Amino acid sequence: MLEIRGLDAWYGEAQALRGVDLEVHAGEVVTLVGRNGAGKTTLLRSVMGLHRQVSGSIVFDGTDLAKVPAHRRARMGLGWVQDDRGIYASLTVEENLLLPPVVSDSAWSTEKVYDAFPVLADRRRAPGTTLSGGEQQMLAIARVLRSGARMLLLDEPTEGLAPVIVSRIRDIIHEVRSTGGTVLLIEQNVKFAATVADRHYLLAQGAVVESLDNADFQARQGELLEHLGI
Ligand SMILES: Nc1ncnc2c1ncn2[C@@H]1O[C@H](COP(=O)(O)OP(=O)(O)OP(=O)(O)O)[C@@H](O)[C@H]1O
């Protein structure tokens, strides 16, 4: 579904990604793990077309994205949930939810969203920013599901959230996967990563240093925590 080959990225003269090769197959949940500054966010932003100083190839559903602008990448079914969640303060929960256009027939109906996220149903008329951090994260994920994204790109969805909300996010990722969705997520919480993902890529200094299936990842959790400092 997503195939990245030899991806380099720069900020001016500084190189942030070095020859990244990565694949995500339809129906998989895959994590990007690595220290702060390893290049994880730059990688997701490059896939979305939000970081343009790149070379190498990114192919989504058979289409080379090199000449595809960011707004068209979203219409192709890539759903980006940035780490600050991107909830608009002046809009209600429901207005935030309905803002992006529906891009595919796998879009969740508003009813399905509210069934899966009852907290959003209860708060649908509330301004987006009166939500807690966890509720904002759920709204941000719900918004891309409602728009029909077939592949979710999540930047640290559990960061700073209480365990009960982290557990809810885990359920949502499982539900997305069980309904045929695909997820590529940045995750610093190794324990959480091991409970949601099929495979993992470890990044260090802009390069993929390991690609592990979940069994290997679980077996090496202690070592990874120590060596990656995460
Ligand atoms: N706007 C920017 N201008 C210059 N350098 C940047 C910019 N954003 C990121 N970088 C640099 O690019 C490298 C990769 O950063 P990136 O944010 O992709 O890493 P990350 O693994 O997502 O880390 P974090 O979890 O801290 O966001 C780092 O060295 C960082 O300092």
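Here, the structure is the one placed above.
The sections below set out a description of the structure shown in this document.

Thresholds, definitions, all that
Residues numbered from 1 in each chain as written. Predicted model: local features only at pLDDT ≥ 70, side-chain atom pairs only at ≥ 80, totals over all residues. Helix = DSSP H or I, 4+ residues; strand = E, 2+ residues; numbered from the N terminus. Rg over C-alpha atoms; globule rule 2.2 N^0.38 Å. Buried ≥ 20, exposed ≤ 12 C-beta atoms within 10 Å, placed from the backbone. Near = placed C-beta within 6 Å. Nonpolar A, V, L, I, M, F, W, Y, C, P; charged D, E, K, R; others polar. Pairing = 2+ DSSP bridges.

In this section: the overall build of the chain. When its secondary structure is counted, the chain shows 10 helices and 10 strands. Over its C-alpha atoms the chain spans a radius of gyration of 17 Å, differing by no more than 12% from the 17 Å that the globule rule assigns to 230 residues. When the backbone C-alpha atoms are referred to their principal axes, the chain occupies close to 45 × 40 × 30 Å. Burial statistics for the chain: of 230 residues in total, 41% are counted as buried.

Attention now moves to the site of the ligand. Surveying the vicinity of the ligand reveals the residues Tyr 11, Ala 14, Ala 16, Gly 34, Asn 36, Gly 37, Ala 38, Gly 39, Lys 40, Thr 41 and Thr 42. When residues of the shell around the ligand are assigned to their parent elements, the largest contribution, 3 residues, is made by helix H1 (residues 40–48). Along the lines of polarity and charge, the residues of the shell around the ligand split into 4 nonpolar, 6 polar and 1 charged.

Buried residues dominate H1, accounting for 7 of its 9 residues. Of all the positions in H1, only Lys 40, Thr 42, Leu 43, Leu 44, Arg 45, Ser 46 and Val 47 are classed as buried. Once H1 ends, the next one or two residues include Gly 49, with phi positive near 85°.

Before going further, it helps to examine unusual backbone geometry. Backbone geometry places Asp 61, a non-glycine residue, at a positive phi of 50°. Note that Asp 61 resides in the loop between strand S4 (54–60) and strand S5 (63–64). By C-beta crowding, Asp 61 is classed as partly exposed, having 14 other C-beta atoms within 10 Å. The phi dihedral of Gln 205 is positive, around 50°, even though this residue is not glycine. By the secondary structure assignment, Gln 205 is in the loop between strand S9 (199–204) and strand S10 (207–213). Residue Gln 205 is classed as partly exposed on the basis of its 14 C-beta neighbours within 10 Å.

Take the pairing of strand S2 (residues 14–24) next. Relative to S2, strand S1 (residues 2–11) runs antiparallel, the two sharing 7 bridges. Counted as the bridge partner of Tyr 11 is Ala 14 from S2. Hairpin connection of S1 to S2: 2 residues between the antiparallel strands, including Gly 12 at a positive phi of 60°.

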